[in-house]
Amino acid sequence: MDLQILRFEQDVFALDTANLQLGMQSLLGKYPVMLPLFCNEIIHDQSNPNETPREALAGFLSIPQVRHLYDTVQQVYGDLRWLEKDLGQMFRYFKYYFPNKPVPQVVTMVSEFATDAFTAGDSLCGIGLDMFLGENYPGYDPEVFPYFMRRQFQQEYIAVRLSKAIAQNCAEAPPGQRLLDLMLHNGKQLYIGDCLLPDVADSLKMGYSRKQMEGCYANEAEVWARLLGEKLLYSTDYDKIRKLVTPSPNAPAIFQEAPGEIGNWIGLQIVRSYMKRFPNTTMDQLLQMTDAQKFLEQAKYKPKRD
């Protein structure tokens, strides 16, 4: 599969700002979905509901910091042939596991830190290259992007973040709000990432350091015991369970040093256990299983103690 990445950011910054409306009409033919989405959603001034797409784009292109950000992105990511190769392989797996879905168009952009990767239906994937300039890039405000997030703003995470966006697009909303519902829902999405990027390390797919990942495997039985012992599995108290299933520096409900989203990682282990028992299950069948309790029972998940 020869994947071609369309460089939306290069086409946008090549526009003649003195004749922007005409340039946008021309660009719309190449990016019928991306251009309206970019102007109406990604760079739109939320405080000005009457702002037109042309005004949004004109304002965006007039900001010196945005121009500097674009120049930096071109220095770092001027040549994306390596990414086309990596994503071509990922979408080969995608067609195998989701034969009825089309391979989406992939476009890159500079969003001024608004998005790292996203999908728009089944037809479009977007990558915000300015979100992958390295953890020490001075443009990342640590108040907005704490270290556990910035650590993932690196080149090797581009395919990982896109695979997560694709997985979210493939999976419907969780069937309930119990921790078990959320864990298994998110675990299935991580399992899709397993299938799309089989050669990528688990630590990258979880956004963990190697030490954190090793700690998860070493303490898997204790984490599971803690979830059961603290009666968290069937809790709907979002304040109590939030850090177990959303990005966070830690998950103190389990252990102080446990990484955030460790509940999702346990959900992935349960899904892996199920698929080991029922290897002929298709991806569509897996995603259609919405009874979390039944799924858990059939998976017969039982982490080994050292």
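Fair warning: this is a prediction, and the values are worked out from it, not measured in the lab.

**So, the packing of aromatic side chains**
For step 1, the next point in the chain: Enumeration over the complete set of coordinates arrives at 19 aromatic pairs.
For step 2, the next point in the chain: On the numbers, 4.9 Å between centres and 90° between planes, the contact of Tyr 96 with Tyr 97 is edge-to-face.
For step 3, the next point in the chain: In this structure Tyr 97 comes out as partly exposed when scored by relative accessible area, which is 27%.
For step 4, the next point in the chain: Linked through ring pairs, Phe 8, Phe 13, Tyr 31, Phe 38, Phe 60 and Tyr 70 together constitute an aromatic cluster.
For step 5, the next point in the chain: Over the aromatic face of Phe 295 sits the side chain of Lys 188, whose NZ or CZ is 5.0 Å from the ring centroid.

**Quick word on the environment of Leu 182**
For step 1, the next point in the chain: Checked against the element boundaries, Leu 182 lands in helix α9 (residues 179-196).
For step 2, the next point in the chain: For the pair formed by Leu 182 and Thr 236, sequence separation is 54 residues and the distance between their alpha carbons is 9.8 Å.
For step 3, the next point in the chain: Beyond its immediate chain neighbours, meaning those up to four positions away, Leu 182 contacts Pro 174, Gly 176, Gln 177, Ile 241, Val 245 and Asn 264.

**Side note on unusual backbone geometry**
For step 1, the next point in the chain: Backbone geometry places Glu 112, a non-glycine residue, at a positive phi of 55°.
For step 2, the next point in the chain: For Glu 112, the location among the structural elements is in the loop between β2 (105-109) and β3 (117-120).
For step 3, the next point in the chain: For Glu 261, which is not glycine, the phi dihedral falls at a positive 70°.

**Brief notes about the packing of helix α6 (residues 81-97) against helix α8 (residues 158-170)**
For step 1, the next point in the chain: Viewed as axis vectors pointing N to C, α6 and α8 meet at an angle of 30°, and their least axial separation amounts to 11 Å. By the angle between their axes, α6 is roughly parallel relative to α8. For α6 against α8, the interelement crossing comes out right-handed. Contacts between α6 and α8 involve Trp 82, Leu 83, Leu 87, Met 90, Phe 91 and Phe 94 from the former and Ile 158, Ala 159, Leu 162, Ser 163, Ile 166 and Cys 170 from the latter.

**Some thoughts on the pattern of salt bridges**
For step 1, the next point in the chain: According to the stated counting rule, one finds nine salt bridges in the structure shown.
For step 2, the next point in the chain: Across the pair Lys 101 and Asp 122 runs a salt bridge whose closest N-O atoms are separated by 3.4 Å. Here Lys 101, found in the loop between α6 and β2, pairs with Asp 122, found in the loop between β3 and β4 (124-128); they are 21 residues apart in sequence, far enough to count as distant.
For step 3, the next point in the chain: With relative accessibility at 35%, the residue Asp 122 sits in the partly exposed group.
For step 4, the next point in the chain: We note a salt bridge from Arg 178 to Asp 181, for which the minimum N-O separation is 3.0 Å.
For step 5, the next point in the chain: When its relative accessible area of 25% is taken as the criterion, Arg 178 is described as partly exposed.
For step 6, the next point in the chain: Residue Asp 181 is classed as buried on the basis of its relative accessible area, which comes to 6%.

What counts as what
Residues numbered from 1 in each chain as written. Predicted model: local features only at pLDDT ≥ 70, side-chain atom pairs only at ≥ 80, totals over all residues. Heavy atoms only, no water. Phe/Tyr/Trp six-rings, centres within 6.5 Å; stacked < 30°, edge-to-face > 60°. Buried < 20%, exposed > 50% of the residue type's maximum accessible area, 1.4 Å probe, protein only. Lys NZ or Arg CZ within 6 Å of the ring centre and 35° of its normal. Helix = DSSP H or I, 4+ residues; strand = E, 2+ residues; numbered from the N terminus. Contact = heavy atoms within 4.5 Å. Axes fitted to C-alpha atoms, helices over the stretch in contact; angles between N-to-C directions. Parallel < 35°, antiparallel > 145°, perpendicular 65-115°, else oblique. Left-handed = near helix turned anticlockwise from the far one by under 90°. Salt bridge = Lys/Arg side-chain N within 4 Å of Asp/Glu carboxyl O.

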